[in-house]
Amino acid sequence: MADLAQREVRRRPAAVRFPGRVLFLAEDAALVKRQFAGEDLPWPPAFPLRNDISTDEITPAHICFYFDQTLGDWPYTGLKCGEEFPIPRNAVRNGGFSVCVSGKRRGKGSSREQSPYAELCAGIQLVIAENHERIYKQNCQNLGLLTSTDFGLLARIRRGEEIALTEFTAGEDAITRQIIEYGGLFPFNVARLQGKVDLPAITTGPRAMTLAEKIFARHATAASGRMGVPYVQPGDAGFFRTDLRFSHEYVTPMAAIFFDQLVGPNEPVNDPASIVFFRDHLTFLDEVISPQKRAMGLLDLATQLKFKQEEFARQRGIRLHGELRDRKGSEGICHSIVLESYALPGQIVVGSDSHTPHSGAIGALAFGIGTTDVFNSWITRDVRARVPESVQVVVRGRPAANVTAKDIILALLRMDYVKSGQAIGKVIEYGGEAVAAMNVDERATLTNMAAEIGGFTGIVAPDAKAVEFLMERRGMARAEAEACCAGLESDAGAEYAQVIELDAAALRPMVALPGDPGKGIFLDELPAPVRIEIAYGGTCTAGKKADMDMYAAVLADALRSGRKVAAHVKFYLQFGSQETREYCRRQGYLETFQKAGAILIEPSCGACINAGPGATSRPEQIAISAQNRNFPGRSGPGQLYLASPLTVAASAVAGVITAYGDAAAAGQRP
């Protein structure tokens, strides 16, 4: 990579101008359409802006099969306003917009960098919102797309004023400020290799630290290359050495193209032994892709993602967990395999997916990063971060037998603190009596869905349960496993931005209504029976061994009383990994599942991203799923409810949404 040391790199101008139009993403579809017809809406507005715009709405999953500037044809085509999708292909680019405005929690959901890249390629130079989700904002910064929460800029922009770049760097740490000034992470890193940037040392003095802060401190890298500082505190910014970097076929190709074009097609990656690739997202796409999308060539594009990842892995000597050779399916979902086979307590694990916090279940500091971060980590082996504040979630008491980790996380997601965006970018540290009683798989549901909270990551301090997990899954001796976990706990007196307490004993089975995981209610509050056509158990969140235990328990109960999956329901069960599938075989679950009428699927992300069996195919179709999110269009056009594995299996048998142990689950059908 010697060429990078000689490459010319410059800071962007000290002031910027936005000559295009301003696009307001409003709740009212008619107002959105009027803007594409040429009307400029007034500011301040007399209309509400759309909140909670997910990356699935900015770039629907099938659009991410593109990994070049064609993405600029598609931004906001998945945006749902009321019951309409008012933004067609090329509308943004053809409309001459340079600024886009929305409300709270812009960019929630997936870590896909295709979303801000699509905006940038369509001509958007600035996005303004009340707050931005952490990964989305970082992806914008990495690409050179400016972000702001200052709506006061709009009047000045419309007057044609130049805006000082300092308006967009104010309040940012020194590293982020320079990334914005250089126009993105890669040019900043080129300047970093040339010694042109200021990397302030972390000099925090003695203090009590949270578990996440301790791990950050151990992995902080200095300009000299030395790793580790005694203490960190929230706000400290720097680069942190990773122990494991992984990506999947949705992201690897775009990162590989960046690497080949900007670094060199024959240049090696830094430490390939600590990089892992996965083919896990699109394994079953051909079974569900619509004729219209097939005609658009999207299946061929998706296949190219696979080939590009395989080629890059082969050229750079990187381990690829790919498709099965003897049957359709993959070795496993990235998060499942990383937790089962790679991550260790106290490590920093980064992945190209928002659900990377899955591995926080054993005390790893695991967090999602975007494509540019992935590609840059192949050069430097480290990632930039600003030490986040932590939120302590204490789950007290003992839950009822039919209340699971999924019910607990749905209860958290509906809290005002989370829904208002106050948890965005914070570490969610779980503890308390109920968490201590959980096995690691159930803890992984909590840490995995820190992504839906908007958190930086989720983490549980490793304890005896983590030791047992390492002994069972990794074959470690007890002394080795205990040594891995030693000292990994928050200090007494550690500071938290917020302490949230939940009484597990007061919870009942929950369900999230269609549209957002934050729309949780107690299941017994549903106003009327909800008849389902599809039940789905699987994904990284709910395809683990403990989840399979729950599906099997419900279906075994049904078989003992002469019942099966309801005749009008298709119940799909998808394993998170081959290790989980083999566990089910040993336990005799495969026979139970088949006798009860479940449809078994080999590992893949599948229905969760509308890329496999279990996704809806019609707007009026109703499904219940144990996956992690139900944003509009995420898993097909239908109405998707979220619930625990117990509730999903009970509902499959009853034919209506019901809790395990309720009358309907016991055999009363509508």
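In the block above lies the structure referred to throughout.
Quantities reported herein were computed from a predicted structural model and do not represent experimental measurements.

### Let's talk about the overall build of the protein
Along the backbone of the protein there are 28 helices and 25 strands. Here the protein has a C-alpha radius of gyration of 24 Å; the compact-globule value for 670 residues is 26 Å, and the two agree. Taken along its principal axes, the extent of the C-alpha atoms in the protein is 75 × 65 × 50 Å. Residues classed as buried in the protein amount to 63% of the 670 residues present. Long-range contacts, defined here as pairs at least 24 residues apart, represent 74% of the contacts in the protein between residues at least 6 apart. Just so you have it, the protein exposes about 23,400 Å², and 49% of that area is on carbon and sulfur atoms. Averaged over its 73 positive side-chain charges, the protein has a centre that lies 2 Å from the centre of its 76 negative ones.

### Side note on helix 28 (residues 645-654)
Most of helix 28 is tucked away, with ten of its ten residues classed as buried. The set of residues buried in helix 28 consists of Pro645, Leu646, Thr647, Val648, Ala649, Ala650, Ser651, Ala652, Val653 and Ala654. The secondary structure elements touched by the buried residues of helix 28 are strand 21 (534-537), helix 24 (539-542), helix 25 (545-560), strand 22 (570-574) and strand 24 (622-625). Glycine 655, located one to two residues past helix 28, shows a positive phi value of around 90°.

### Details of the packing of aromatic side chains
One pass over the full model with this rule turns up 25 aromatic pairs. Seen in terms of ring centroids, phenylalanine 188 and phenylalanine 239 are 6.1 Å apart; in terms of plane orientation they differ by 10°. Their pairing is stacked. You can see phenylalanine 188 sitting in helix 9 (residues 185-193) and its partner phenylalanine 239 sitting in strand 8 (residues 237-241), a full 51 residues away along the chain. Its relative accessible area of 0% is what places phenylalanine 188 among the buried residues.

### Examining the environment of alanine 255
If you trace the backbone, alanine 255 turns up in helix 11 (residues 252-262). What makes alanine 255 buried here is its relative accessible area of 0%. Residues alanine 255 and asparagine 376 lie 121 residues apart in sequence; the distance between their C-alpha atoms is 8.6 Å. Those residues in contact with alanine 255 that lie beyond four places of it in its chain are Thr371, Val374, Phe375 and Trp378.

### Observations regarding the sheet that holds strand 12 (residues 348-351)
Pairing within the open sheet is parallel, and its five strands lie in the order 11-10-9-12-13. Both edges of this open sheet fall to strand 11 (319-321) and strand 13 (365-368), since each of them pairs with a single strand only. Going from strand to strand, the sheet's axes swing by 20° on average, the running direction of each strand aside. Note that strand 10 (residues 275-278) and strand 11 share three bridges and pair parallel. Considered in strand 11, the bridge of valine 276 is made with arginine 319. On the sheet, helix 16 (residues 371-380) packs against strand 9 (244-248) and strand 10 and is oriented at approximately 140° with respect to strand 9.

### Quick word on the side chain of serine 115
When you line up the elements, serine 115 lands in helix 4 (residues 114-121). Non-local contacts of serine 115, meaning those with residues more than four positions away in its chain, are made with Thr55, Ile58 and Thr59.

### Focus on empty space enclosed by the protein
Within the structure shown, the criterion is met by eight cavities of 30 Å³ or more. Contributing to the lining of the largest cavity are 22 residues, with Ser110, His281, Asp353, Ile609 and Arg634 lying nearest its centre. A class-by-class count of the residues in the lining of the largest cavity yields seven nonpolar, eleven polar and four charged. A volume near 140 Å³ is recorded for the second largest cavity.

### Looking at the packing of helix 25 against helix 27 (residues 589-596)
As a packed pair, helix 25 and helix 27 sit with axes 9 Å apart at the nearest point and diverge in direction by 50°. Relative to helix 27, the element helix 25 lies oblique. Seen along the crossing, helix 25 lies across helix 27 with a hand that is left-handed. Contacts between helix 25 and helix 27 involve Met548, Asp549, Tyr551, Ala552, Leu555, Ala556 and Leu559 from the former and Tyr589, Thr592, Phe593, Lys595 and Ala596 from the latter. Partitioning the contact of helix 25 with helix 27 into residue classes produces nine nonpolar, one polar and two charged.

### Describing the layout of surface pockets
For the second largest pocket, the calculated volume is near 700 Å³. Taken together, 30 residues form the lining of the second largest pocket, with Arg134, Lys137, Glu172, Arg386 and Gly425 sitting closest to its centre. Going through the elements one at a time, helix 5 (134-143), helix 8 (174-182), strand 8 and strand 14 (382-386) are the ones with two or more residues in the lining of the second largest pocket. Per-element tally for the lining of the second largest pocket: the top contributor is helix 5, with four residues.

### Points about the pattern of salt bridges
Opposite charge on two side chains lets them pair, provided their charged atoms get close. One pass over the full model with this rule turns up 55 salt bridges. Glutamate 39 is the partner of arginine 34 in a salt bridge, and the nearest nitrogen-oxygen pair spans 2.8 Å. Assessed through its relative accessible area of 32%, glutamate 39 is described here as partly exposed. Across the pair glutamate 83 and lysine 80 runs a salt bridge, and its minimum N-O distance is 3.7 Å.

### What to know about the nonpolar core
Soluble, globular proteins show a tendency: their nonpolar side chains are buried together. Core analysis: the biggest nonpolar cluster contains 78 residues, and Phe216, Leu282 and Trp378 have the highest contact counts within it. Ranked by size, the runner-up nonpolar core spans 42 residues in total, among them Ile128, Cys140, Leu154 and Ile180.

### Concerning the environment of leucine 23
Looking at the element boundaries, leucine 23 is found in strand 2 (residues 21-24). Leucine 23 sits in the buried class, given a relative accessible area of 0%. Along the chain, leucine 23 and threonine 539 lie 516 residues apart, while their C-alpha atoms are 36 Å from each other. Residues contacting leucine 23, with those up to four places away along its chain left out, are Gln35, Phe36, Tyr76, Val92, Phe97, Val99, Cys100 and Val101.

### Considerations on the sheet that holds strand 17 (residues 457-460)
The four strands lie next to each other as 17-16-15-18, forming an open sheet whose pairing is parallel. A single partner strand is all that each edge strand has here, and the edge strands are strand 17 and strand 18 (498-503). Across the sheet, the mean angle from the axis of one strand to that of its neighbour is 20°, orientation sign disregarded. Two strands pair when backbone bridges link them, and strand 16 (residues 427-431) and strand 17 are joined in this way by four bridges, in the parallel orientation. From the neighbouring strand, valine 427 faces strand 17, where its bridge partner is threonine 457. Set on the sheet, helix 20 (residues 440-448) makes contact with strand 16 and strand 17; between it and strand 17 the angle comes to about 150°.

### Let's talk about helix 14 (residues 298-316)
Over its 19 residues, helix 14 extends 27 Å from the first C-alpha to the last, a length consistent with the 27 Å expected when each residue adds 1.5 Å. Of the positions making up helix 14, those classed as buried are Leu298, Leu299, Ala302, Leu305, Lys306, Lys308, Gln309, Phe312, Ala313 and Arg316. Where helix 14 terminates, the next one or two residues include glycine 317, which has phi positive at roughly 70°.

### Digging into unusual backbone geometry
Peptide bonds are, in most cases, trans, and in most cases residues other than glycine have a negative phi. The omega torsion across tryptophan 43 and proline 44 is 0°, close enough to zero to call that bond cis. Residue position: proline 44 is located in the loop between helix 1 (29-36) and helix 2 (55-58). Backbone geometry places aspartate 271, a non-glycine residue, at a positive phi of 55°. The class for aspartate 271 is partly exposed, based on a relative accessible area of 27%. Its identity is not glycine, yet asparagine 610 carries a phi of approximately 60°, on the positive side. Among the structural elements, asparagine 610 can be located in the loop between strand 23 (599-601) and strand 24. Under the relative-accessibility criterion, asparagine 610 is labelled partly exposed at 24%.

Criteria and thresholds
- Residues numbered from 1 in each chain as written.
- Predicted model: local features only at pLDDT ≥ 70, side-chain atom pairs only at ≥ 80, totals over all residues.
- Heavy atoms only, no water.
- Helix = DSSP H or I, 4+ residues; strand = E, 2+ residues; numbered from the N terminus.
- Rg over C-alpha atoms; globule rule 2.2 N^0.38 Å.
- Buried < 20%, exposed > 50% of the residue type's maximum accessible area, 1.4 Å probe, protein only.
- Contact = heavy atoms within 4.5 Å.
- Areas by Shrake-Rupley, 256 points an atom, 1.4 Å probe, with all protein chains shown as cover.
- Lys, Arg positive; Asp, Glu negative; His and termini not counted.
- Charge placed at Lys NZ, Arg CZ, Asp CG, Glu CD.
- Phe/Tyr/Trp six-rings, centres within 6.5 Å; stacked < 30°, edge-to-face > 60°.
- Pairing = 2+ DSSP bridges.
- Axes fitted to C-alpha atoms, helices over the stretch in contact; angles between N-to-C directions.
- 1 Å grid on protein atoms, 1.4 Å probe; cavity = no way out; pocket = protein on both sides within 12 Å on 5 of 7 lines; lining within 4 Å.
- Points joined across faces, edges and corners; volume = space filled by probe spheres on them.
- Nonpolar A, V, L, I, M, F, W, Y, C, P; charged D, E, K, R; others polar.
- Parallel < 35°, antiparallel > 145°, perpendicular 65-115°, else oblique.
- Left-handed = near helix turned anticlockwise from the far one by under 90°.
- Salt bridge = Lys/Arg side-chain N within 4 Å of Asp/Glu carboxyl O.
- Core = buried A, V, L, I, M, F, W, Y, C linked by side-chain atoms within 4.5 Å.
- Expected span 1.5 Å × (residues − 1).

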